[in-house]
Amino acid sequence: MTSIEAYESLGFDTKKLGKNCAQSATKRARQKAKNGEFEPKAENYDGSIPIEEMPEMSLEEKVAYQEARIRYLEDYVEFQKKCLPYWRRYTHPTATRSKGGQALHGL
């Protein structure tokens, strides 16, 4: 199938668009496919969304999504590690607020 036939099979009128438009679009698409630009990538997925809320995906899309999910969860764990000392300071019963040593009771 030629690029013009492909365009016409998709419902485009090559008489209005021009045959050069169809041929150059096909050339760009082939170059992108050769460079792997149509492959699913983790950067294109939001890892904060649970998989149950994702639409049906191919195997390659699932792999890219899972890579994004792993990256998101690793970042979340690192954030929690950084926040933990501050969180413990204000919620742990033996924590103190001042150098004077007054314990925070009832927290």
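These notes cover the structure that comes with them. Source: prediction; values computed, not measured.

1. Looking at the overall build of the protein
Okay, so step 1: Helix and strand content of the protein: four helices and zero strands.
Okay, so step 2: Listing the helices and strands of the protein from first to last along the sequence gives α-α-α-α.
Okay, so step 3: Evaluated residue by residue, the protein yields a buried proportion of 18% over its 107 residues.
Okay, so step 4: For the protein, contacts bridging at least 24 residues in sequence account for 12% of all contacts bridging at least 6.
Okay, so step 5: Accessible surface for the protein amounts to roughly 9,000 Å². Of this, 54% is attributable to carbon and sulfur atoms.

2. Overview of the packing of aromatic side chains
Okay, so step 1: If you walk through the whole model with that rule in mind, you get three aromatic pairs.
Okay, so step 2: Plain terms: the ring middles of Tyr-45 and Tyr-65 are 6.5 Å apart, the flat faces sit at 80 degrees to each other, and that makes the pair edge-to-face. Residue Tyr-45 is found in the loop between helix H3 (19–34) and helix H4 (59–91), and its partner Tyr-65 is found in helix H4; the two are separated by 20 residues along the sequence.
Okay, so step 3: Tyr-65 sits in the buried class, given a relative accessible area of 1%.
Okay, so step 4: Consider the rings of Tyr-72 and Tyr-76, whose centres lie 6.5 Å apart with planes at 25 degrees: the pair is stacked. Of this pair, Tyr-72 and Tyr-76 are both found in helix H4, four residues apart, which corresponds to roughly one turn of the helix.
Okay, so step 5: Using a relative accessible area of 42% as the deciding quantity, one classes Tyr-76 as partly exposed.

3. Focus: H3
Okay, so step 1: Between its first and last C-alpha atoms H3 spans 23 Å; for 16 residues at 1.5 Å apiece the expected length is 22 Å, and the two agree.
Okay, so step 2: Those residues of H3 lying buried are Ala-22, Ala-25 and Thr-26. Looking straight down H3, one finds its buried side chains confined to an arc of 100 degrees; they lie on one side. The outward face of H3, more than 90 degrees from its buried face, is lined by the exposed residues Asn-20, Lys-27, Arg-28 and Lys-34.
Okay, so step 3: The inward-facing, buried residues of H3 contact helix H1 (3–9) and helix H2 (14–17).
Okay, so step 4: Looking one or two places after H3, you find Gly-36, whose phi comes out positive at around 80 degrees.

Thresholds, definitions, all that
- Residues numbered from 1 in each chain as written.
- Predicted model: local features only at pLDDT ≥ 70, side-chain atom pairs only at ≥ 80, totals over all residues.
- Heavy atoms only, no water.
- Helix = DSSP H or I, 4+ residues; strand = E, 2+ residues; numbered from the N terminus.
- Buried < 20%, exposed > 50% of the residue type's maximum accessible area, 1.4 Å probe, protein only.
- Contact = heavy atoms within 4.5 Å.
- Areas by Shrake-Rupley, 256 points an atom, 1.4 Å probe, with all protein chains shown as cover.
- Phe/Tyr/Trp six-rings, centres within 6.5 Å; stacked < 30°, edge-to-face > 60°.
- Expected span 1.5 Å × (residues − 1).
- Arc of directions from axis to C-beta.

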